[in-house]
Amino acid sequence: QWQRVLDDRSLLDSATEEVLRWATPVLHMRRTASCDTELAGTAIAAGQKVVMWYASANRDDAAFADPFRFDVNRSDNEQFAFGGGGPHYCLGAFLARLEISVLLEEMAARSIRLEQSTEVVRAPSNFVHGVLSVGMKPVGPR
């Protein structure tokens, strides 16, 4: 997939969105229903707790073609990495998207290729999909 980006820089924007879909930073969000409603055929009473799992939403085969495939050219990518919009949309979404975009642009401009050299150390959390550290080393020509 990275070679596709290196060969076609017009894929940088869609690659950024695919990184966000694939590595959803927040795992879930819980809310309390303020009124009786129905969601996907399930009755929800006022006061009941409802949880949205972002990773599940971002792998929903009703929303994404071949959802378990990482594809930098995914054109219809309404991912839920920062929430589904509305009043609870993540305030840091624009900065996070910019950071990923700039990282990919600069790596592509320098033809940087990375290879994982150590195991991933993850944050011990069921709320945040956090990576505390992972060793990476450059490979190939620069």
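Refer to the structure printed above.
For clarity, every value in this text was computed on a predicted model and none was experimentally measured.

Participant: Help me understand the pattern of salt bridges, please; the structure alone is not making it clear to me.
Facilitator: Oppositely charged side chains can form a pair if their charged atoms are brought close together. Enumeration according to the criterion identifies 8 salt bridges in this entry. We note a salt bridge from D71 to R69, for which the minimum N-O separation is 3.0 Å. Look at R69 and you get partly exposed, because its relative accessible area is 36%. Between K137 and E115 there is a salt bridge whose closest N-O contact spans 3.7 Å. Taken together, the residues K137 in strand 8 (residues 136-138) and E115 in strand 5 (residues 114-116) connect sequence positions 22 residues apart. Looking at K137, the relative accessible area reads 39%, which means it is partly exposed. Members of the salt-bridge network, linked through shared partners, are R4, D66, R69 and D71.

Participant: I tried to follow the side chain of R74 on my own but got confused; where do I start?
Facilitator: Along the chain, R74 turns up in the loop between helix 3 (54-57) and helix 4 (93-109). Here the side chain of R74 touches R69 through a polar contact of 2.7 Å, landing on its backbone oxygen. In contact with R74, other than residues within four places in its own chain, are S14, E18, R21, F64, A65, D66, P67 and R69.

Participant: Just checking my understanding: could you explain the nonpolar core for this structure?
Facilitator: Here is a general trend for soluble globular proteins: nonpolar side chains tend to be buried in one another's company. Grouped together as the largest cluster of nonpolar side chains are 6 residues: V5, L11, L12, A15, V72 and L104. When residues no more than four places from it in sequence are discounted, the contact partners of L11 are R4, V5, V72 and N73.

Participant: What am I meant to see in a nonpolar patch on the surface here?
Facilitator: A surface patch of nonpolar side chains, about 370 Å² in accessible area, is lined by L114, V120, V131, V134 and M136. Considering the arrangement of structural elements, one finds L114 in strand 5. In this structure L114 comes out as partly exposed when scored by relative accessible area, which is 41%.

Participant: Is there a simple way to explain helix 2 (residues 12-22) in this structure?
Facilitator: Given 3.6 residues per turn, any residue in an α-helix points the same way as the ones three and four places further on. Extensive coverage of helix 2 is indicated by the burial of 8 of its 11 residues. The set of residues buried in helix 2 consists of L12, S14, A15, T16, E17, E18, L20 and R21. Residues of helix 2 that are buried sit in contact with helix 1 (2-7) and helix 4.

Participant: Looking at this structure, how should I read the packing of aromatic side chains?
Facilitator: When we look at a pair of aromatic rings, we describe it by the centre distance and by the angle of the planes. Tallied over the full model, the rule gives 1 aromatic pair. Both rings, one in W22 and one in F70, keep their centres 5.8 Å apart while their planes meet at 85°; by these two values the pair is edge-to-face. One end of the pair, W22, is in helix 2; the other, F70, is in the loop between helix 3 and helix 4, with 48 residues separating them in the sequence. Over the aromatic face of F64 sits the side chain of R21, whose NZ or CZ is 5.1 Å from the ring centroid.

Calculation criteria
Residues numbered from 1 in each chain as written. Predicted model: local features only at pLDDT ≥ 70, side-chain atom pairs only at ≥ 80, totals over all residues. Heavy atoms only, no water. Salt bridge = Lys/Arg side-chain N within 4 Å of Asp/Glu carboxyl O. Buried < 20%, exposed > 50% of the residue type's maximum accessible area, 1.4 Å probe, protein only. Helix = DSSP H or I, 4+ residues; strand = E, 2+ residues; numbered from the N terminus. Polar contact = N/O pair within 3.5 Å; in protein donor to acceptor, adjacent residues only side chain to side chain. Contact = heavy atoms within 4.5 Å. Core = buried A, V, L, I, M, F, W, Y, C linked by side-chain atoms within 4.5 Å. Patch = residues over 30% accessible without salt bridge, like charges linked within 9 Å, V, L, I, M, F, W, Y side chains within 5 Å. Areas by Shrake-Rupley, 256 points an atom, 1.4 Å probe, with all protein chains shown as cover. Phe/Tyr/Trp six-rings, centres within 6.5 Å; stacked < 30°, edge-to-face > 60°. Lys NZ or Arg CZ within 6 Å of the ring centre and 35° of its normal.

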